[in-house]
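The chain contents come next:
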Amino acid sequence: MRLYIVDAFTSEAFAGNSAGVVLLDSPGDAGWMQSVAAELRHAETAFVEVGGEGPKSLRWFTPETEVDLCGHATLATTHVLGGEQTFTTRSGELRCRAEDGWVSMDFPSDPPRESDDDLSSILPGVSFAYVGRSRQNLFAVVDDASVVRSLAPDLAALRAHWTGRLMVTAGGDVEGIDFVTRFFAPGVGIDEDPVTGSAHCVLAPYWAARLGRTELVGEQASARGGIVRVNLEGDRVLLSGQAVTVASGELHV
């Protein structure tokens, strides 16, 4: 089985978010896929069936669990396969395309809904302009991007709160960047995700409504950092980013 390591949402190696991509000729056993993901230790590893005709089955695993949707590993998979791809996933059918050095992905929109979650134990001393939930993530807005960049959440408190996944965002503070975000997910074994494509399914509808535009550029302000272009089209979000293949080889188990 072919194995690739890809840095996604970046044009440079050793930045963005790294993902494993495993090409399968037939369906893989879930326990085996989880073991491979735990061995590789990337935020997510994608497993895609390439042996048949038609849409390709695609699944994503963190080192601890299978997830319903992963943007950067889908980008990495499309980058490896090239061309136009249709994937069947736990989040429905996803259509993606690799062209001119960019990968575009058609994902379902996931607008946040206001909630009464108390985040004071997770981020002591931080004031929030808005707190909400998407389907599986806590969502918080602060007034200044500098707050986002300097966040140091209590990860144990976050892990114990609902799904243990939180994105915090603010308006952009750099020319050409509309909003800045960080994403913490100890609930699925990821203290901080470097760049989270699926989070932008939540961010896009929120910021489109705030800014009055449907085409936006987001920066995920992790240590590795990354850029995500978004285009809100009704109940779908078109995500775009670049990727770099860092390594390729074979799995022997």
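Residues numbered from 1 in each chain as written. Predicted model: local features only at pLDDT ≥ 70, side-chain atom pairs only at ≥ 80, totals over all residues. Heavy atoms only, no water.

Our working definition: UniProt positions are given in the numbering used here, feature names are shortened, and annotations may be inferred rather than shown by experiment.
Under an unreviewed UniProt entry, the name given to the protein chain is PhzF family phenazine biosynthesis protein, and the source organism is Amycolatopsis alba DSM 44262. What the UniProt record of the protein chain gives under Sequence similarities (unreviewed entry) is the line "Belongs to the PhzF family."

### Comments concerning the nonpolar core
Put simply, the rule is: What is meant by a nonpolar core is a set of buried Ala, Val, Leu, Ile, Met, Phe, Trp, Tyr and Cys residues, joined one to another through side-chain atoms within 4.5 Å. When a residue's accessible area, from a 1.4 Å probe over protein chains only, is under 20% of the maximum for its type it is buried; when over 50% it is exposed; and in between it is partly exposed. The split into domains, and so the bounds of each, comes from an automatic or database assignment of domains. Should any heavy atoms of two residues lie within 4.5 Å, those residues are counted as being in contact.
Formed by 50 residues in total, the largest nonpolar core has its most connected members in Trp 60, Met 105, Phe 139 and Leu 239. Per-domain counts for this core show at least three residues from each of domain 1 (2-108 + 241-250) and domain 2 (113-234). In contact with Phe 139, not counting residues within four places along its chain, are Pro 112, Tyr 130, Val 131, Gly 132, Leu 166, Met 167, Thr 169, Val 202, Leu 203 and Tyr 206. Val 142, Leu 151, Leu 166 and Ile 177 belong to the second-largest nonpolar core, a separate cluster that totals 18 residues.

### Some words on the pattern of salt bridges
Here is the rule we go by: Each reported salt bridge corresponds to a side-chain nitrogen of Lys or Arg within 4 Å of a carboxyl oxygen of Asp or Glu.
Within the structure shown, the criterion is met by 14 salt bridges. Between Glu 66 and Arg 59 there is a salt bridge, with its nearest N and O atoms 2.8 Å apart. Arg 59 sits in the partly exposed class, given a relative accessible area of 26%. Close ionic contact of Arg 213 with Asp 178 constitutes a salt bridge, the shortest N to O distance being 2.6 Å.

### Focus on the domain arrangement of the protein chain
We apply this condition: In short, buried area is how much 1.4 Å probe accessible area vanishes from two parts on joining, totalled over both. Definition of a polar contact: a pair of N or O atoms within 3.5 Å, with one able to donate and the other able to accept a hydrogen when the atoms are protein atoms, and with sequence-neighbouring residues admitted only if both atoms are side-chain atoms. Helix numbers and strand numbers start at the N terminus; a helix is a DSSP run of H or I with at least 4 residues, a strand a run of E with at least 2.
Taken domain by domain, the protein chain comprises domain 1 (2-108 + 241-250) and domain 2 (113-234). Here the C-alpha centre of domain 2 lies 23 Å away from the C-alpha centre of domain 1. On the domain 2 side, the residues contacting the 19 residues of domain 1 number 17 residues. Each partner contributes to the roughly 1500 Å² buried at the junction of domain 1 and domain 2, and carbon and sulfur atoms together form 52% of this total. Linking domain 1 to domain 2 there are 2 salt bridges. A salt bridge links Glu 64 to Arg 159, with the nearest nitrogen and oxygen atoms 3.2 Å apart. Between the two partners, domain 1 and domain 2, sit 10 residue pairs in polar contact (both at pLDDT 80 or more). Of the residues forming the side of domain 1 that touches domain 2, the biggest block, 3 residues, is contributed by strand 8 (residues 102-108).

### What to know about the side chain of Thr 78
For Thr 78, the location among the structural elements is in helix 2 (residues 71-81). Apart from residues no more than four positions distant in its own chain, Thr 78 is found in contact with Gly 83, Gln 85, Phe 87, Cys 96, Arg 97, Ala 98 and Val 103.

### Topic: the environment of Asp 144
Turning to its location among the elements, Asp 144 is positioned in the loop between strand 11 (138-141) and helix 3 (145-149). Since its relative accessible area comes to 40%, Asp 144 is described here as partly exposed. Distance from Asp 144 to Gly 172, taken between C-alpha atoms, is 8.4 Å for residues 28 residues apart in sequence. Looking at Asp 144, its side chain comes within polar contact range of the side chain of Ser 146, at 2.7 Å.

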